[in-house]
Amino acid sequence: MMKKRIIKGIGAAAVLAALVGCNEINFSGLLNISEPITFANQSRAVVTLAPGQYNTKATIGQSGSQKQITLEINNGNQPTKVQISFDKNISIGENFDLTAAQIGQNFDVKGTMKTSVTNSPDQSGWESCTYQRPQTVCRGPEKSAQDKADEASLDSNAAALTQTDLPAGRAVPEASNPVMADRPGPHPGPMPGPVPPPHTPTCSTIWVTQYGNQNVTYHYQTTTRDLNASFVQGAKTLGTYTGQSSDTQKIYTFQGQCY
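Here the structure is a predicted model, which is why all the values come from computation and not from measurement.

K.L.:
How would you summarise the packing of aromatic side chains if you had to cite specific residues and measurements?
P.N.:
This model, assessed by the stated rule, comprises five aromatic pairs. Centroid distance Phe-39 to Phe-107: 5.4 Å. Interplanar angle 85 degrees. Geometry classified as edge-to-face. Separated by 68 residues along the polypeptide, Phe-39 in strand S3 (residues 37-40) and Phe-107 in the loop between helix H2 (100-103) and strand S9 (108-119) bring together distant segments of the chain. Each member of the pair Phe-39 and Phe-107 is classed as buried. Aromatic ring contacts, followed pair by pair, group Phe-39, Phe-107 and Phe-231 into a single cluster. Sitting over the face of the ring of Tyr-218, Lys-250 holds its NZ or CZ atom 4.3 Å from the ring centroid.

Here is the structure:
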């Protein structure tokens, strides 16, 4: 049987940390209505629930300058959605009391949200991973206009070496037994143009993703929140909600080199 280390007393600090930014806490639970209750939505539509028990999902989150409690009430073919909004500076901690004026309703919402955290024993093993490796890449530079002109001149001179001043339309006769002419001095014919300088390649370093394995140590951390809320109008309780949220994360305590 897996042992668990239990950390209790997280309270308001953990709840507030979860509500930073756009994070949400999702609950599954039961809405028990004992007296007819009317909710005023943000869209100004009014939702009235008759007494009864309803499977309900509750979400606590934040949007802009507003915190929101959203209820998805399973009371028909399509769930009825109710949204209760209030200022982001109003906290929902281990104990909370939201007044009718704060939430724009005709009832108060009072309750508790208790948080506990359990950690599984540490486990070790190998996992796949990725890392970056430097690689040098070289390429030749673009040829300049002068380089291209020099190459064209060389091509032109080479073509001229194959021609003589024969009349147009006559090909250069081929010698059946060519013999070097006994003539002093340089070989007759046009001289080639200047030889363009060699190109120096341009090199740079890029980072390439490599796949490998690494040794790790980790455990699983489960955060459980129990929400109990009452909808109170004066001295009368219109209904209650009981729900639970559970979230599990993999926590690494050691990650070796990836290779």
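K.L.:
Mind laying out the pairing of S9, listing which residues take part and the relevant values?
P.N.:
Where strand S8 (residues 95-98) meets S9, four bridges bridge the pair, whose relative direction is antiparallel. Looking at the pairing, Asn-95 lines up with Thr-112 of S9. Where S9 meets strand S11 (residues 202-233), twelve bridges bridge the pair, whose relative direction is antiparallel. Looking at the pairing, Val-109 lines up with Phe-231 of S11.

K.L.:
Go over the pattern of salt bridges, please, and point to the residues and values.
P.N.:
For the structure shown, the criterion picks out two salt bridges. For Glu-94, the salt bridge is made with Lys-114, and the minimal N-O distance between the two is 3.5 Å. Placement of the pair is Glu-94 in the loop between strand S7 (80-87) and S8 and Lys-114 in strand S9, with a sequence separation of 20 residues. For Lys-114, a relative accessible area of 44% corresponds to the partly exposed category. Of the charged contacts in the structure, one is a salt bridge between Lys-250 and Glu-127, with a shortest N-O distance of 2.7 Å. Residue Lys-250 is found in strand S12 (residues 236-255), and its partner Glu-127 is found in strand S10 (residues 123-139); the two are separated by 123 residues along the sequence. Its relative accessible area of 33% is what places Lys-250 among the partly exposed residues.

K.L.:
Describe the state of the cysteines, and please don't skip the residues or the numbers.
P.N.:
Simply put, the disulfide is a covalent bond whose two ends are the sulfur atoms of two cysteines. Taken as a whole, this structure holds two disulfides when the rule is applied. In this model, Cys-129 is linked to Cys-258 through a disulfide, with the two sulfur atoms separated by 1.9 Å. Taking the torsion about the sulfur-sulfur bond, which here is approximately 100 degrees, the covalent link between Cys-129 and Cys-258 counts as right-handed. Residue Cys-129 is found in strand S10, and its partner Cys-258 is found in the segment after S12; the two are separated by 129 residues along the sequence. A single burial state applies to Cys-129 and to Cys-258, both of which are buried. Residue pairing for Cys-138: its cysteine sulfur links by disulfide to Cys-203, the two sulfurs lying 1.9 Å apart. What sets the handedness of the Cys-138 and Cys-203 disulfide is the S-S torsion sign, and at about 105 degrees it is right-handed. Remark: Cys-203 occurs in strand S11 and Cys-138 occurs in strand S10; sequence separation between them is 65 residues.

Rules behind the numbers
Residues numbered from 1 in each chain as written. Predicted model: local features only at pLDDT ≥ 70, side-chain atom pairs only at ≥ 80, totals over all residues. Heavy atoms only, no water. Phe/Tyr/Trp six-rings, centres within 6.5 Å; stacked < 30°, edge-to-face > 60°. Helix = DSSP H or I, 4+ residues; strand = E, 2+ residues; numbered from the N terminus. Buried < 20%, exposed > 50% of the residue type's maximum accessible area, 1.4 Å probe, protein only. Lys NZ or Arg CZ within 6 Å of the ring centre and 35° of its normal. Pairing = 2+ DSSP bridges. Salt bridge = Lys/Arg side-chain N within 4 Å of Asp/Glu carboxyl O. Disulfide = S-S within 2.5 Å.

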